[in-house]
Amino acid sequence: MFFQSTSVTKRGIHIGTREAAACSERDCRPSFHATTLDGKPVDEAMLAGKVVLVNFWAPWCRPCVGEMPALEAAWRRHEAEGLVIVGVVVDADRDVSKFLQRHGITYPIVHSDDTIDSSFGSPDGLPTSFLYDRTGHRRAKWDGAVDDQELERALAPLFAR
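Visitor: Talk me through the state of the cysteines; I want residue IDs and the actual numbers.
Guide: Applying the stated criterion to the full structure yields 1 disulfide. Note on cysteine connectivity: Cys 61 is disulfide-linked to Cys 64, with sulfurs 2.4 Å apart. Looking along the S-S bond of the Cys 61-Cys 64 disulfide, the torsion reads about 75°, which is the right-handed sense. No difference in accessibility class separates Cys 61 from Cys 64, as the two residues are buried.

This is the structure we're talking about:
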């Protein structure tokens, strides 16, 4: 099943799709280490056994900002069940703490760097999100903004008992 989405790239606006994905060597959650804006580590110990959504975004990207309420709502609904959302902000020149506070974003945010970017295939469009199950298998990739309903459809089977 595929869904249409919109993203902003270096070359302009992009109409893309969400693709379902199975794990292969390149589709398993990459190992990466980062520190959140509030000084907490993001590493394998934090992510092991969790459902992980990694979202590349920037504060100037309207589709990115538009999807943030859906990500925050999913975070609040499923954090206790083992969801970890890691926002990777690609605009490292700006202090985004006030932006996040103003928009009510509480999930972990890290600054992008070459290692993180290359680990995820150096996404050239924003937003780009990767969803991994508890075993680290990629279950979805969104090239463009995801809405609350679409995100919930992707998350529900990962929390089914």
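Visitor: Quick one: what's the story with helix α2 (residues 62-78), residue by residue and with numbers?
Guide: The end-to-end C-alpha distance of α2 is 25 Å, a good match for the 24 Å that 17 residues give at a rise of 1.5 Å each. Along α2, the residues classified as buried are Pro 63, Cys 64, Glu 67, Met 68, Ala 70, Leu 71, Glu 72, Ala 74, Trp 75 and His 78.

Visitor: For the packing of aromatic side chains, give the residues involved together with the corresponding values.
Guide: In this structure the tally under the stated criterion is 6 aromatic pairs. Between Phe 32 and Phe 120, the aromatic rings sit 5.5 Å apart at their centres with planes inclined by 75°, giving edge-to-face as the arrangement. Of the two residues, Phe 32 is situated in the loop between β2 (12-20) and β3 (34-35) and Phe 120 in the loop between α4 (114-119) and β8 (125-126); the sequence distance between them amounts to 88 residues. A residue is classified by how much of its surface remains accessible, and Phe 32, at 2% relative accessible area, is buried. The exposure class assigned to Phe 120 is buried, which follows from its relative accessible area of 6%. Aromatic side chains Phe 120 and Phe 130 sit 5.3 Å apart centroid to centroid with 45° between the ring planes, which places their arrangement in the tilted category. Of this pair, Phe 120 sits in the loop between α4 and β8 while Phe 130 sits in strand β9 (residues 128-132), and the two are 10 residues apart along the sequence.

About the cut-offs
Residues numbered from 1 in each chain as written. Predicted model: local features only at pLDDT ≥ 70, side-chain atom pairs only at ≥ 80, totals over all residues. Heavy atoms only, no water. Disulfide = S-S within 2.5 Å. Buried < 20%, exposed > 50% of the residue type's maximum accessible area, 1.4 Å probe, protein only. Helix = DSSP H or I, 4+ residues; strand = E, 2+ residues; numbered from the N terminus. Expected span 1.5 Å × (residues − 1). Phe/Tyr/Trp six-rings, centres within 6.5 Å; stacked < 30°, edge-to-face > 60°.

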